[in-house]
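Architecture and fold: a report
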Amino acid sequence: MTPVTRQEVLGLYRKIFRIAKKWQSASGQIEETIKEKQYIISEAKTLFRKNKNVTDPKLIKQCIEECEARIEIGLHYNIPYPRPIHLPPMGLASKQGRAFRHQEKLRKFSKPIYLKSHDDIS
């Protein structure tokens, strides 16, 4: 990891903790705010620890982009949790065959950047 990349990653990590410190839930309830703050902190720690040994520059750049996207979406919608994606159901294709594999491939490629690592830790 280059010093510039390291500095950028650490800056994002600090930014997340600053956001968590100032976070206010949309409902305004204290219990909800505390729960969301804890989620932000635990999610950040989990993902940063999971990716701390990544050395591939392209993968590091992808992780940084995902982090920035999740920060922006969280601040814009005032929801710390990843936004759900709405894809067509898999019920149209049979459970085997070319159509099923094609539909799985389309679902994989249509997954937004801010959810790339979410399924890995859930």
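Note that the structure is a prediction, hence the values are computed from the model and not measured.

Per the counting criterion, the structure on display carries two salt bridges. Where Arg-70 meets Glu-43, a salt bridge forms, and the shortest distance between an N and an O atom there is 3.0 Å. Taken together, the residues span a long stretch of sequence, with Arg-70 in helix α3 (residues 57-77) and Glu-43 in helix α2 (residues 30-50) at a distance of 27 residues. Of the two residues examined, Arg-70 and Glu-43, each falls in the buried class. Measuring nitrogen to oxygen at the nearest pair gives 3.1 Å for the salt bridge that ties Glu-65 to Lys-61. Taken together, the residues span about one helical turn, with Glu-65 and Lys-61 both in helix α3 at a distance of four residues. When its relative accessible area of 51% is taken as the criterion, Lys-61 is described as exposed.

To continue, consider the packing of aromatic side chains. Applying the stated criterion to the full structure yields three aromatic pairs. Ring plane angle 65 degrees and centroid distance 4.8 Å describe the contact between Tyr-13 and Phe-17, whose orientation is recorded as edge-to-face. Placement of both Tyr-13 and Phe-17 in helix α1 (residues 3-22) is noted, with a separation of four residues, approximately one turn of the helix. Its relative accessible area of 25% is what places Tyr-13 among the partly exposed residues. Each residue in the set Tyr-13, Phe-17 and Phe-48 is aromatic and connected to the rest through ring pairs, giving one cluster.

Formed by 13 residues in total, the largest nonpolar core has its most connected members in Leu-12, Ile-16, Ile-40, Ile-64, Cys-67 and Ile-71. At the level of secondary structure, the elements contributing two or more residues to this core comprise α1, α2 and α3. The element contributing the most residues to this core is α1, with five residues.

What counts and how
- Residues numbered from 1 in each chain as written.
- Predicted model: local features only at pLDDT ≥ 70, side-chain atom pairs only at ≥ 80, totals over all residues.
- Heavy atoms only, no water.
- Salt bridge = Lys/Arg side-chain N within 4 Å of Asp/Glu carboxyl O.
- Helix = DSSP H or I, 4+ residues; strand = E, 2+ residues; numbered from the N terminus.
- Buried < 20%, exposed > 50% of the residue type's maximum accessible area, 1.4 Å probe, protein only.
- Phe/Tyr/Trp six-rings, centres within 6.5 Å; stacked < 30°, edge-to-face > 60°.
- Core = buried A, V, L, I, M, F, W, Y, C linked by side-chain atoms within 4.5 Å.

From the geometry alone we can't say anything about function, so treat these as descriptive.
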